[in-house]
Amino acid sequence: MKVDVLLGLQWGDEGKGKIVDVLTPGYDVVTRFQGGPNAGHTLEFEGQKFVLRSIPSGIFQGGKINVIGNGVVLDPALFKAEVEALAKSGHPLTERLKISKKAHLILPTHRLLDAAYESAKGAGKIGTTGKGIGPTYTDKVSRNGLRVGDLLHDFEAKYKAATDRHKEILRQYHYSLDGLEAIEEEWFAGVECLRQFEWIDSEHAINHALQAGKRVLAEGAQGTMLDIDFGSYPFVTSSNTVCAGACTGLGVAPRNIGEVYGIFKAYCTRVGSGPFPTELSDATGDKLRATGHEFGAVTGRPRRCGWVDLVALRYAVMINGVTRLIMMKSDVLDDFDTIKACTAYRVNGVETRDFPFDISEGIEPVYTELPGWKTDMTHMQTEAEFPAEFAAYIRFLEQELQVPIKIVSVGPDRAQTIMR
Ligand code: GDP
Ligand code: IMO
Ligand code: MG
């Protein structure tokens, strides 16, 4: 068996959580491979709504094993809050959630460093989620990180050495350490919660599962345009959000990757700073935000909105080797007279369909305008019900992207999903 991967093709928040939940009945194991509590994955079913941050979105479909892989960074305090909220709503996880010993720990001082680095950048700040993601991955790469498995032996000394080093940097940044003790108290309570779960060598567990014929789904966080290598650097996150990240973040060989589900919104959003060629800073952008409830699941920040960017999407399809597309939030476009899609960029007067090195300025989107469908699609259950204009929009996107759109989402609920 091979690992199927589901990942975001835009700047995150495409609706990954919802679709992982929808696809989970077809799998035995669901696993996260990168990112951490910067993610906010929303699931809605039976009138309930959940936002998951570190826990895979396969936990609501009974009897499945969920794994937090080695590529993830984990904050025990936020993990505990997530676990407790789920337990309270009748979803105890202890038996069904396993954690890689190689996952790196987000320490309290990583969170402070994230804030210190951001305020030092001033106007050029990234607009991070403030969860310590960048500093934790930095420590991983510079070989100073602490992993879940480190909690097993002599952790106090390792913790002290790491935080002493962080405090020294924070002092250089004149960043106050006030409040650190309270955060640490919460953090160590989180560690105790973490101990209630089985810590595993997840690379072995996942490969053994494949050999035993089990079906494994890997759930991406963030999106391709936030990838550390291929995103709009430096306005990106600090991990490989692309398909290759599933190989390193789980210990799965490239030849054991199966389907690659690429998920995108029928339009486009971005939260935080950084370039966004199709951004609409006008009434149309405001309408997309209001209709799509485009406010961050983690930070509550308003998301920037714009038309779908096929130059960026073609690039994402290429980098990830997408085999199936999933289009989300189609219903948000239900009430537009016309819909635009950016098919090329004009850079210094020259048109290109290839994603350029630098999109920070001088990019003029070239749009194709299509008729809107002006029909409420939220109750539709089958493709046969699609208005002709919507069917034409799908055909146009498939033609541009050269990959079939296999799933169409017409609302936030699990049930508002149409398979093609
Ligand atoms: P993720 O980070 O990729 O899992 O996406 P988020 O949960 O951050 O953001 C997606 C938002 O859109 C959530 O509030 C979902 O409940 C909502 N959503 C998902 N699919 C649809 C859809 O087809 N239509 C509408 N209107 N909302 C959707
Ligand atoms: P999900 O998984 C949208 C953005 C932040 C910021 C940049 C770096 O829900 O799609 P970080 O805290 O990672 O160092 O922030 O990345 N960002 C996200 N935007 N969805 C996310 O996750 C994001 N995770 C990080 O806003 O611009
Ligand atoms: Mg999200």
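Above: the structure in question.
Note that the structure is predicted; figures quoted are calculated from it, not measured.

### Focus: the overall build of the protein
And step 1. Secondary structure assignment for the protein yields eleven helices and 20 strands.
And step 2. For 420 residues, the compact-globule formula gives about 22 Å, and the C-alpha radius of gyration of the protein, at 21 Å, lands near that figure.
And step 3. By principal-axis analysis of the C-alpha atoms, the protein measures approximately 65 × 50 × 40 Å.
And step 4. Within the protein, buried positions represent 57% of all 420 residues.
And step 5. Contacts spanning at least 24 positions in sequence make up 77% of the contacts within the protein whose residues lie at least 6 apart.

### Details of the packing of aromatic side chains
Given two aromatic rings, one states the distance between the centres and the angle between the planes to describe the pair.
And step 1. Taken as a whole and assessed by the stated rule, the structure comprises 17 aromatic pairs.
And step 2. Where Phe155 meets Trp187, the ring centres are 6.1 Å apart and the plane angle is 15°; that geometry is what we call stacked. Taken together, the residues span a long stretch of sequence, with Phe155 in helix 5 (residues 155–172) and Trp187 in helix 6 (residues 180–194) at a distance of 32 residues. Neither Phe155 nor Trp187 differs from the other in exposure class; each is buried.
And step 3. Plain terms: the ring middles of Trp307 and Phe336 are 5.8 Å apart, the flat faces sit at 70° to each other, and that makes the pair edge-to-face. In this pair, Trp307 is assigned in the loop between strand 13 (304–306) and strand 14 (308–309) and Phe336 in the loop between strand 15 (324–328) and strand 16 (338–347), connecting sequence segments 29 residues apart.
And step 4. A connected cluster of aromatic rings, assembled from ring pairs, spans Phe155, Tyr159, Trp187 and Phe188.
And step 5. The ring centre of Phe336 lies 4.2 Å from the NZ or CZ of Lys287, which sits over that ring.
And step 6. In this structure, Arg414 packs its charged tip against the face of Phe45, placed 4.0 Å from the ring centre.

### A word on the site of ligand 2
And step 1. Around ligand 2, the structure places 21 residues, and the nearest of them are Asp13, Lys16, His41, Thr129 and Thr237.
And step 2. In the environment of ligand 2, an oxygen atom lies 2.8 Å from a nitrogen or oxygen atom belonging to the backbone of Gln222.
And step 3. Within the backbone of Val271, one N or O atom sits 3.1 Å away from an oxygen atom of ligand 2.
And step 4. With the chains in place, 98% of the 550 Å² that ligand 2 exposes on its own is no longer accessible.
And step 5. For the shell around ligand 2, the residue count by class is eight nonpolar, ten polar and three charged.

### Let's talk about the coordination of the magnesium ion (ligand 3)
And step 1. The protein atoms that coordinate the magnesium ion (ligand 3) are Asp13 (OD) and Gly40 (O), at distances of 2.1 to 2.2 Å. Of the two residues, Asp13 is situated in the loop between strand 1 (3–8) and helix 1 (16–23) and Gly40 in the loop between strand 2 (29–32) and strand 3 (41–45); the sequence distance between them amounts to 27 residues.
And step 2. What makes Asp13 partly exposed here is its relative accessible area of 22%.

### Description of the site of ligand 1
And step 1. Around ligand 1 sit 20 residues in total, of which Gly15, Lys16, Thr42, Asp331 and Ser409 are the nearest.
And step 2. Backbone polar atom of Gly40 to an oxygen atom of ligand 1: 2.8 Å apart, as the coordinates give it.
And step 3. Gly411 has a polar backbone atom sitting 3.0 Å from an oxygen atom of ligand 1.
And step 4. For ligand 1, the accessible surface in isolation is 590 Å², of which the surrounding protein chains cover 93%.
And step 5. At the level of secondary structure, the elements contributing two or more residues to the shell around ligand 1 comprise helix 1 and strand 3.
And step 6. Taken together, the residues of the shell around ligand 1 break down into five nonpolar, seven polar and eight charged.

### As for the sheet that holds strand 20 (residues 417–419)
And step 1. With mixed pairing, ten strands are arranged side by side in an open sheet as 9-7-5-2-10-1-11-15-19-20. Here the strands that pair on one side only, and so sit at the sheet edges, are strand 9 (198–200) and strand 20. Taking each pair of neighbouring strands and ignoring which way they run, the sheet shows an average axis angle of 25°.
And step 2. Sheet topology places strand 2 next to strand 10 (residues 216–219); four bridges connect them, and they run parallel. By the bridge assignment for strand 10, Thr31 is matched with Ala218.

### Quick notes on helix 2 (residues 76–88)
Owing to its 3.6 residues per turn, the α-helix aligns residues three or four sequence positions apart on the same side.
And step 1. For helix 2, with 13 residues, the first-to-last C-alpha span of 18 Å sits near the 18 Å given by 1.5 Å per residue.
And step 2. Taken together, the buried positions of helix 2 are occupied by Pro76, Ala77, Phe79, Glu82, Val83 and Leu86.
And step 3. Two to three positions downstream of the cap, the backbone nitrogen of Ala77 sits 2.9 Å from a side-chain oxygen, assigning the N-cap of helix 2 to Asp75.
And step 4. Directly after helix 2, the chain includes Gly90, whose backbone phi takes a positive value near 85°.

### Some words on the pairing of strand 15
And step 1. With four of five residues buried, strand 15 lies mostly within the body of the structure.
And step 2. Judged from the three bridges that link them, strand 15 and strand 19 (residues 405–409) form a sheet pairing that is parallel. In the sheet register, Met327 faces strand 19, and the bridge partner there is Val408.

### Regarding the pattern of salt bridges
And step 1. All chains considered together, the criterion is met by 29 salt bridges.
And step 2. For Glu14, the salt bridge goes to Lys16, with nearest N and O atoms at 2.8 Å. The same class applies to Glu14 as to Lys16, namely buried.
And step 3. The closest approach of N and O atoms between Arg324 and Glu259, which form a salt bridge, is 3.2 Å. Taken together, the residues Arg324 in strand 15 and Glu259 in strand 11 (residues 257–265) connect sequence positions 65 residues apart.
And step 4. Judged by relative accessible area, Glu259 falls into the partly exposed class, the value being 23%.

### Some words on the packing of helix 2 against helix 6
And step 1. Orientation of helix 2 relative to helix 6, taken along the N-to-C sense of each, is 60°, at an axis distance of 7 Å. Compared by their axis directions, helix 2 and helix 6 come out oblique. Of the two elements, helix 2 crosses helix 6, and the hand of that crossing is left-handed. Between helix 2, through Pro76, Ala77, Phe79, Lys80 and Val83, and helix 6, the contact on the second element is made entirely by Glu186, Trp187, Ala189, Gly190, Val191, Cys193 and Leu194.
And step 2. Broken down by class, the residue content of the contact of helix 2 with helix 6 amounts to nine nonpolar, one polar and two charged.

Thresholds, definitions, all that
Residues numbered from 1 in each chain as written. Chains lettered and ligands numbered in written order. Predicted model: local features only at pLDDT ≥ 70, side-chain atom pairs only at ≥ 80, totals over all residues. Heavy atoms only, no water. Helix = DSSP H or I, 4+ residues; strand = E, 2+ residues; numbered from the N terminus. Rg over C-alpha atoms; globule rule 2.2 N^0.38 Å. Buried < 20%, exposed > 50% of the residue type's maximum accessible area, 1.4 Å probe, protein only. Contact = heavy atoms within 4.5 Å. Phe/Tyr/Trp six-rings, centres within 6.5 Å; stacked < 30°, edge-to-face > 60°. Lys NZ or Arg CZ within 6 Å of the ring centre and 35° of its normal. Near = heavy atom within 4 Å. Polar contact = N/O pair within 3.5 Å; in protein donor to acceptor, adjacent residues only side chain to side chain. Areas by Shrake-Rupley, 256 points an atom, 1.4 Å probe, with all protein chains shown as cover. Nonpolar A, V, L, I, M, F, W, Y, C, P; charged D, E, K, R; others polar. Donors = N, O, S within 2.8 Å, 3.2 Å for Na, K, Ca; no water. Pairing = 2+ DSSP bridges. Axes fitted to C-alpha atoms, helices over the stretch in contact; angles between N-to-C directions. Expected span 1.5 Å × (residues − 1). Salt bridge = Lys/Arg side-chain N within 4 Å of Asp/Glu carboxyl O. Parallel < 35°, antiparallel > 145°, perpendicular 65-115°, else oblique. Left-handed = near helix turned anticlockwise from the far one by under 90°.

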